[in-house]
Amino acid sequence: QVQLAESGGGLVQAGGSLSLSCAASGRTFSNYGMGWFRQAPGKEREFVGGISRGGDTTYYSDSVKGRFTISRDNAKNTVYLQMNSLKPEDTAVYYCAATVTGWHIVKTPTYEYDYWGQGTQVTVSS
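Residues numbered from 1 in each chain as written. Predicted model: local features only at pLDDT ≥ 70, side-chain atom pairs only at ≥ 80, totals over all residues. Heavy atoms only, no water.

Some thoughts on the pairing of strand β3 (residues 18-25)
The condition that has to hold: One bridge is not enough; two strands pair if DSSP finds at least two bridges between them. A run of H or I in DSSP counts as a helix once it spans at least four residues, and a run of E counts as a strand once it spans at least two, with each numbered from the N terminus.
Here strand β1 (residues 3-7) runs beside β3; their pairing, made up of 5 bridges, is antiparallel. Counted as the bridge partner of Ser 7 is Ser 21 from β3. Both β3 and strand β8 (residues 78-83) contribute to a ladder of 6 bridges, which runs antiparallel. By the bridge assignment, Ala 23 is partnered in β8 with Thr 78.

Below you can see the structure in the form of structure tokens.
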């Protein structure tokens, strides 16, 4: 099993930036593709972005493309989400997740991910 723990959430004004981290433990981190998801009140959990096992491939939802950046450090067992130009509609609980996948593959569906963190709240004020 893989245990995931997010950190870095908080309150920020519109136009500001936040950086989230997700620390993994339990299994070899580089065996897993990683994803970031979010869930706003009353809405379904949605894919934000993902990164392949080696970090060479990333994929983003249209709503965050150009504003958010995912990276990973396999030596530190950590994946990051840098969020810039934040908007009130980015307010949600953000989750990181891990999936067994091929080296260059980024998965997007929620059901493809096997392990989840507990989430961290991001609130963007207008």
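So, next bit.
Section: the side chain of Lys 107
Where we set the bar: Contacts: residue pairs with any heavy atoms within 4.5 Å of one another.
Among the structural elements, Lys 107 can be located in the loop between β9 (92-100) and β10 (115-116). If near-sequence neighbours (up to four positions away) are discounted, Lys 107 is found in contact with Phe 47, Thr 99, Val 100, Thr 101, Glu 112 and Tyr 113.

Considering the state of the cysteines
Condition: The criterion for a disulfide is a pair of cysteine sulfur atoms lying within 2.5 Å. Type-normalised accessible area, obtained with a 1.4 Å probe on protein chains alone, sets the label of each residue: buried when under 20%, exposed when over 50%, and partly exposed for intermediate values.
All told, the structure shown has 1 disulfide when counted by the stated rule. Note that Cys 22 is cross-linked by a disulfide to Cys 96, the S-S spacing being 1.9 Å. On the sign convention where negative means left-handed, the S-S torsion of about 50 degrees between Cys 22 and Cys 96 marks this disulfide as right-handed. You can see Cys 22 sitting in strand β3 and its partner Cys 96 sitting in strand β9, a full 74 residues away along the chain. Like Cys 22, the residue Cys 96 is buried in the burial classification.

Focus: the pairing of β8
As paired elements, strand β7 (residues 68-73) and β8 share 6 bridges and run antiparallel to each other. What sits directly across from Ile 70, in β8, is Leu 81. With antiparallel pairing between neighbouring strands as the criterion, β7 and β8 make up a hairpin whose turn holds 4 residues, including Asn 77 at a positive phi of roughly 55 degrees.

All we've got here are geometric facts, nothing functional implied.
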